[in-house]
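# Chains, contacts and geometry: an overview
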Amino acid sequence: MRSRVFPVLLGILMLCATPHRLSGTETAGTAPADAETVAKEIAMAEASRQRAAEAGAEWVDTGSLIQQAMQAAEVEDWQLALELALRAKQQGELAVEQAARESVTWRERVVQ
Amino acid sequence: MPKIRQLLFFCLCMVLSVSALGGPEEDRIAFQAYFQERFPDVPFADYINGIYALDENARQQWMEIEEFPPYEFAVEEGETLFGQPFENGNTYGDCFDNQGIGVRQNYPRFDPERGEVVTLEMAINECRQRNDEPVYSYDSEELLSLSAYMAWTSRGNMISIVVPDDPRALAAYESGKQFYYSKRGQLNFACSDCHVTSAGLYVRADHLSPALGHPSHFPVYRSKLGKMISLHERFYGCIRDVRAKPFAEQSIEYRDLEYFLTYMSNGLVVNGPGARK
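Conventions adopted
- Residues numbered from 1 in each chain as written.
- Chains lettered and ligands numbered in written order.
- Predicted model: local features only at pLDDT ≥ 70, side-chain atom pairs only at ≥ 80, totals over all residues.
- Heavy atoms only, no water.
- Pairing = 2+ DSSP bridges.
- Helix = DSSP H or I, 4+ residues; strand = E, 2+ residues; numbered from the N terminus.
- Axes fitted to C-alpha atoms, helices over the stretch in contact; angles between N-to-C directions.
- Disulfide = S-S within 2.5 Å.
- Buried < 20%, exposed > 50% of the residue type's maximum accessible area, 1.4 Å probe, protein only.
- Contact = heavy atoms within 4.5 Å.
- Buried area = accessible area lost by both parts, 1.4 Å probe.
- Salt bridge = Lys/Arg side-chain N within 4 Å of Asp/Glu carboxyl O.
- Polar contact = N/O pair within 3.5 Å; in protein donor to acceptor, adjacent residues only side chain to side chain.
- Nonpolar A, V, L, I, M, F, W, Y, C, P; charged D, E, K, R; others polar.
- Expected span 1.5 Å × (residues − 1).
- Arc of directions from axis to C-beta.
- Core = buried A, V, L, I, M, F, W, Y, C linked by side-chain atoms within 4.5 Å.

Looking now at the sheet that holds strand E5 (residues 220-222) of chain B. Residues and elements named next belong to chain B. If you walk across this open sheet you meet the three strands as E6-E5-E7, and the pairing is mixed. At either margin of the open sheet sits one strand with a lone partner, and together these are strand E6 (227-229) and strand E7 (274-276). The mean inter-strand angle of the sheet, taken between neighbouring strand axes irrespective of direction, is 35°. Pairing geometry for E5 and E6, over three bridges, is antiparallel. Within the sheet, the bridge partner assigned to Arg222 lies in E6 and is Lys227.

Okay, here's the thing in structure tokens:
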């Protein structure tokens, strides 16, 4: 009895843990992909990219990801547009963090 | 008596902190000593040959390439261009010390009037501007040929970069130094991670070249691209390779970087133009 129940429970738990991936309409832990959300996320990604650029630390394809997100939004592929915008936003944030960290830690690498 | 001790202790702390911060000359001495300690069998003068100072197999191949140097055409074209007077009758030679012959070792230099670093390629274009000629694109064949010819006439001259006693010059040097040692891009690499810490180690199938001597041989003919490239184009490629957005050639960032990096090679000689894979 016990040996039959365990796999069934495990299967239920796995299904509960992955509804977003299966539905294909949302990225895990984020708002649903619609025109309004996408526009907001693209604007946030661009602001994040600009902050990284001002710090001289922009990553190579952040701008390209934003462009691709805008193109996906034009053809109303909201899911793809959202994913691209979120990736771009994260890149911008990580680049700003990197620049802030390096403004202090670079000295540790100087040959003494 | 305790006051004298305190004073002596304070002086000692000041000396130690200043040496830890490091001025350009302290940096250069430490930088060169690092490589000489790391690769004790490599003669100091051989660092002008980049990775070929460390990798014997690659050196043999390179020496065979040097028998018919692929940069020779650029030197010849540069010599022709250099000798052609502008429309107004002036020449490139009129814009440079010693008529532009054997001056590569003094670039990049700090221009006190403008308060910024001027590279040789920039000086060539500014010479054209002053003589009412259109400027060349920094990756153009013409500009690289002129730079190659001027490097050729400077072969054997000792790199002699000066950081004058001017806070703006020191700031430019420090900015280049910070750039060199700062991690950037999605791969989170600093220039120094590859060319100082990991110099001589493999990156995929190639050895990483040592930073010491890097600027001595530019511009170089890159076989994989089939053309001459400037030091700034190489910077561009490296920055892109660590997945950071590259700066434009002759940007203030790359000029300051060239200033720092070339200062580190003071004492070596110019052997440009060069040939690389």
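In this section: the state of the cysteines. Residue and element names in this part refer to chain B. According to the stated counting rule, one finds one disulfide over all chains in the structure shown. There is a disulfide in this structure between Cys95 and Cys127, and the S-S distance comes to 2.1 Å. The disulfide joining Cys95 to Cys127 has a torsion of about 75° about its S-S bond and is therefore right-handed. Of this pair, Cys95 sits in the loop between helix H4 (72-83) and strand E1 (109-111) while Cys127 sits in helix H5 (residues 120-130), and the two are 32 residues apart along the sequence. Relative accessible area serves as the criterion here: at 0%, Cys127 is assigned to the buried category. As a non-bridged cysteine, Cys191 has Cys238 as the owner of its nearest cysteine sulfur, 6.9 Å distant. Classification of Cys191 by relative accessible area gives buried; the value is 18%. Among the residues examined, Cys238 registers a relative accessible area of 29% and is labelled partly exposed.

The next subject is the interface of chain A and chain B. Counting residues at the interface gives 16 residues for chain A and 26 residues for chain B. For the pair chain A and chain B, the summed buried area comes to about 1800 Å², and 55% of that belongs to carbon and sulfur atoms. When residues of chain A are sorted by the area they lose upon contact with chain B, Val60, Trp106 and Val111 of chain A head the list and together hold 36% of the total. At the surface where chain A touches chain B, the tally comes to two salt bridges. The tally of links between chain A and chain B comes to eight residue pairs in polar contact (both at pLDDT 80 or more). Split into classes, the residues belonging to the side of chain A that touches chain B amount to five nonpolar, five polar and six charged.

Residues and elements named next belong to chain A. Taking 1.5 Å as the rise per residue, helix H4 (residues 62-74) with 13 residues should run 18 Å; its terminal C-alpha atoms sit 19 Å apart, in good agreement. Every buried residue belonging to H4 is among Thr62, Leu65, Ile66, Ala69, Ala72 and Ala73, and all of these are buried. Buried residues of H4, viewed axially, fall in a sector of 120°; they line one side. Where H4 is buried, its residues meet helix H3 (35-54) and helix H5 (78-105). Phi for Glu76, located one or two positions after H4, is positive at around 60°.

This paragraph deals with the nonpolar core. Residues and elements named next belong to chain B. Phe31, Phe35, Tyr180, Tyr181 and Tyr259 are the most contacted members of the largest nonpolar core, which has 45 residues in total. Going through the elements one at a time, helix H2 (24-38), helix H7 (167-181), helix H8 (191-197), helix H9 (231-241) and helix H10 (252-264) are the ones with two or more residues in this core. A per-element tally of this core places H10 first, with seven residues. Residue contacts for Tyr259: discarding those within four places in its chain leaves Pro108, Phe110, Val117, Ile161, Val162, Val163, Pro164, Ala169, Ala172 and Tyr173. By size, the runner-up hydrophobic cluster in this structure holds 29 residues, among which are Trp62, Leu143, Leu146 and Ala148.

Moving on to the environment of Arg222 of chain B. Residues and elements named next belong to chain B. Examined against the element boundaries, Arg222 turns out to sit in strand E5. Judged by relative accessible area, which is 14%, Arg222 ranks as buried. Considering only alpha carbons, one finds Arg222 and Arg234, twelve residues apart in sequence, at a separation of 10.0 Å. Those residues in contact with Arg222 that sit more than four places away from it in its chain are Lys227, Ile229, Arg234, Arg276 and Lys277.

Here we come to H9 of chain B. All names here are of chain B. Where H9 is concerned, the buried positions are Leu231, His232, Glu233, Phe235, Gly237 and Ile239. Residues of H9 that are buried make contact with H7, E6 and H10. Taken from the residues just after H9, Arg243 is the one with a positive phi, measuring 65°.

All names here are of chain B. Taken as a whole, this structure holds 22 salt bridges over all chains when the rule is applied. Notably, a salt bridge pairs Arg59 with Asp46, separated by 3.0 Å at the nearest N-O pair. Of this pair, Arg59 sits in helix H3 (residues 56-65) while Asp46 sits in the loop between H2 and H3; the two residues are 13 residues apart in sequence, bridging distant segments of the chain. As far as the burial class goes, Arg59 and Asp46 line up, both buried. Here Glu174 and Lys177 are joined by a salt bridge, their closest N and O atoms 3.7 Å apart. Within this pair, Glu174 and its partner Lys177 are both found in helix H7, separated by three residues, close to a single helical turn.

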